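Results of the structural survey
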Amino acid sequence: MMNNMQNRERECALRQLMAYDFVQLELNLFLDTHPNNQRALKEFHHVNKKAAELREMYERKFGPLTTSAVKSEEEWAWVKSPWPWEN
């Protein structure tokens, strides 16, 4: 079980990742209608890279965000993270 400090750190990291994922999706939608916009494309790649870094950092520190991110072949790490109602 995580203490309050770890819980706050986990929540902060998750919120930051969610923000980047949101911007990534919005840029994706914009590029669907403006495929030649080089500025948006450059920003999309920047945001995509940052989101991947944040996701990797989060999963290394707090565990997998999705079942497809479970890497261990010795244990099912998916259930080790706190469930939403445990916070």
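Notes on the structure in this doc start here. (Residues numbered from 1 in each chain as written. Predicted model: local features only at pLDDT ≥ 70, side-chain atom pairs only at ≥ 80, totals over all residues. Heavy atoms only, no water.)

Structural notes on the overall build of the protein chain
Helix and strand counts for the protein chain come out as 2 helices and 0 strands. Counting only residues that meet the buried cut, the protein chain has 24% of its 87 residues in that class. In the protein chain, the share of contacts with a sequence separation of at least 24, taken over all contacts with a separation of at least 6, comes to 48%. In the structure as shown, the protein chain presents an accessible area of about 6,900 Å², 55% of it carried by carbon and sulfur atoms. (Helix = DSSP H or I, 4+ residues; strand = E, 2+ residues; numbered from the N terminus. Buried < 20%, exposed > 50% of the residue type's maximum accessible area, 1.4 Å probe, protein only. Contact = heavy atoms within 4.5 Å. Areas by Shrake-Rupley, 256 points an atom, 1.4 Å probe, with all protein chains shown as cover.)

Here's the deal with the pattern of salt bridges
What the rule picks out here adds up to 4 salt bridges. The residue glutamate 9 makes a salt bridge to lysine 61 at a minimum N-O spacing of 2.2 Å. One end of the pair, glutamate 9, is in helix H1 (residues 4–33); the other, lysine 61, is in helix H2 (residues 38–62), with 52 residues separating them in the sequence. Exposure remark for glutamate 9: the relative accessible area of 36% places this residue in the partly exposed category. Close ionic contact of arginine 15 with glutamate 11 constitutes a salt bridge, the shortest N to O distance being 3.0 Å. Of the two residues, arginine 15 and glutamate 11 both sit in helix H1, 4 residues apart, roughly one turn of that helix. The class for glutamate 11 is partly exposed, based on a relative accessible area of 39%. (Salt bridge = Lys/Arg side-chain N within 4 Å of Asp/Glu carboxyl O.)

Points about the side chain of glutamine 24
Within the secondary structure, glutamine 24 is located in helix H1. Ignoring sequence-local partners within four residues, the contact set of glutamine 24 consists of Phe44, Val47, Asn48 and Ala51.

Don't take any of this as a statement about function, it's just geometry.
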